[in-house]
Amino acid sequence: MKYSLYTATQTNEINALFTKTFSDSEGEQEGQLIGQLVEDLIGTTKAEDLYVFVATENEKVIGSILFTRLTFEVAISVFLLAPVAVHTDYQGKGVGQEMINFGLQAMKKEGVELAFTYGDPSFYSKVAFQPVTEAQFKAPLTLSYPHGWLAQSLSGQELIGIDGDSSCVPAFNKPELW
């Protein structure tokens, strides 16, 4: 298994991975929604606001994660980890956790101070994400599942709140994604 930043030649393979993985687990409509999100994120997000990592085996993309900039009213480097996909045949084998840890280490080396995600707390707690509240860290849009708002310090500092609003990259600025 190899973990790395993606290359532009892998874009179609990454889009197909997200569409298929989410269709298999959440239904075709969700698969189409997440596949389109990934296509929009890669196609429209400024390079400095996007990191895409892949897990490959025999040159085939079997997993991918995206980090996009999350902006608060104070000067702090923050990224949002979402979405995450691992090919169905490789799920339950630690690929997702290893890929996330690889990505988080790369983000830390880039000087990112905080990472957020919005998902299953029981999964993301395995990679050191902790539940936070919107009173501590305001999400860019209203959360439909507030218990899924999670954060992790990459600077070694304690997770303390940030006052004010936050904003996400344009492709994420859709209520149905939150």
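Look a little higher up for the structure.
To start, this report covers the structure provided alongside it. (Residues numbered from 1 in each chain as written. Predicted model: local features only at pLDDT ≥ 70, side-chain atom pairs only at ≥ 80, totals over all residues. Heavy atoms only, no water.)

1. Overview of the packing of aromatic side chains
Line of reasoning, step 1. Within this structure, the stated rule accounts for 16 aromatic pairs.
Line of reasoning, step 2. Between Tyr-51 and Phe-53 the ring centres are 6.5 Å apart and the planes differ by 5°, which places this aromatic pair in the stacked class.
Line of reasoning, step 3. Looking at Phe-53, the relative accessible area reads 2%, which means it is buried.
Line of reasoning, step 4. Through a chain of ring-to-ring contacts, the aromatic side chains of Phe-72, Phe-116, Tyr-118, Phe-137, Trp-149, Phe-172 and Trp-178 assemble into a single cluster. (Phe/Tyr/Trp six-rings, centres within 6.5 Å; stacked < 30°, edge-to-face > 60°. Buried < 20%, exposed > 50% of the residue type's maximum accessible area, 1.4 Å probe, protein only.)

2. What to know about the environment of Leu-70
Line of reasoning, step 1. Looking at the secondary structure, you find Leu-70 in strand E3 (residues 60-72).
Line of reasoning, step 2. With relative accessibility at 1%, the residue Leu-70 sits in the buried group.
Line of reasoning, step 3. Sequence separation of Leu-70 and Leu-114 is 44 residues, and the distance between their C-alpha atoms is 9.4 Å.
Line of reasoning, step 4. The contact partners of Leu-70, leaving out residues within four places of it in the chain, are Val-78, Phe-79, Leu-80, Phe-116, Pro-140, Trp-149, Ser-166, Ser-167 and Cys-168. (Helix = DSSP H or I, 4+ residues; strand = E, 2+ residues; numbered from the N terminus. Contact = heavy atoms within 4.5 Å.)

3. Overview of helix H2 (residues 28-44)
Line of reasoning, step 1. Under the 1.5 Å per step criterion, the end-to-end length of H2 is 24 Å for 17 residues, consistent within 8% with the ideal 24 Å.
Line of reasoning, step 2. Among all positions in H2, only Gly-31, Ile-34, Gly-35, Leu-37, Val-38, Asp-40, Leu-41 and Ile-42 are buried.
Line of reasoning, step 3. Turning to H2, the residues buried within the fold contact helix H1 (11-26), strand E2 (50-57), E3 and strand E4 (78-86). (Expected span 1.5 Å × (residues − 1).)

4. Considerations on the pairing of strand E7 (residues 149-153)
Line of reasoning, step 1. In terms of burial, E7 is largely enclosed, as four of its five residues are buried.
Line of reasoning, step 2. Here strand E5 (residues 114-118) runs beside E7; their pairing, made up of five bridges, is antiparallel. Among the inter-strand pairings, Thr-117 is bridged to a residue of E7, identified as Leu-150.
Line of reasoning, step 3. Relative to E7, strand E6 (residues 130-131) is paired through two bridges, and the arrangement is antiparallel. Within E7, the residue paired with Gln-130 across the bridge is Ala-151. (Pairing = 2+ DSSP bridges.)

5. Quick word on H1
Line of reasoning, step 1. With 16 residues, H1 ought to run about 22 Å at 1.5 Å a step, and its terminal C-alpha atoms sit 22 Å apart, in line with that.
Line of reasoning, step 2. All of the buried residues in H1 are Thr-11, Ile-14, Asn-15, Leu-17, Phe-18, Thr-19, Thr-21 and Phe-22.
Line of reasoning, step 3. Where H1 is buried, its residues touch H2, E2, E3 and E4.
Line of reasoning, step 4. Directly after H1, the chain includes Gly-27, whose backbone phi takes a positive value near 105°.

6. Structural notes on the side chain of Thr-117
Line of reasoning, step 1. Within the secondary structure layout, Thr-117 lies in strand E5.
Line of reasoning, step 2. With a relative accessible area of 0%, Thr-117 lands in the buried category.
Line of reasoning, step 3. A polar contact of 2.6 Å, which involves the side chain of Thr-117, links it to the backbone oxygen of Leu-81.
Line of reasoning, step 4. Look past the residues within four positions of Thr-117 in its chain and what remains in contact with it is Leu-80, Leu-81, Tyr-124, Phe-129, Gly-148, Trp-149 and Leu-150. (Polar contact = N/O pair within 3.5 Å; in protein donor to acceptor, adjacent residues only side chain to side chain.)

7. A few points about the packing of H1 against H2
Line of reasoning, step 1. Running from N to C, H1 and H2 point in directions that differ by 155°, and their axes come no closer than 7 Å. Taken together, the axes of H1 and H2 lie roughly antiparallel to each other. Classified by chirality, the crossing of H2 by H1 is right-handed. Within the contact between the two elements, H1 uses Thr-11, Ile-14, Asn-15, Phe-18, Thr-19, Phe-22, Ser-23 and Glu-26 and H2 uses Glu-28, Glu-30, Gly-31, Gln-32, Ile-34, Gly-35, Val-38, Glu-39 and Ile-42.
Line of reasoning, step 2. For the contact of H1 with H2, the class distribution of residues is six nonpolar, seven polar and four charged. (Axes fitted to C-alpha atoms, helices over the stretch in contact; angles between N-to-C directions. Parallel < 35°, antiparallel > 145°, perpendicular 65-115°, else oblique. Left-handed = near helix turned anticlockwise from the far one by under 90°. Nonpolar A, V, L, I, M, F, W, Y, C, P; charged D, E, K, R; others polar.)

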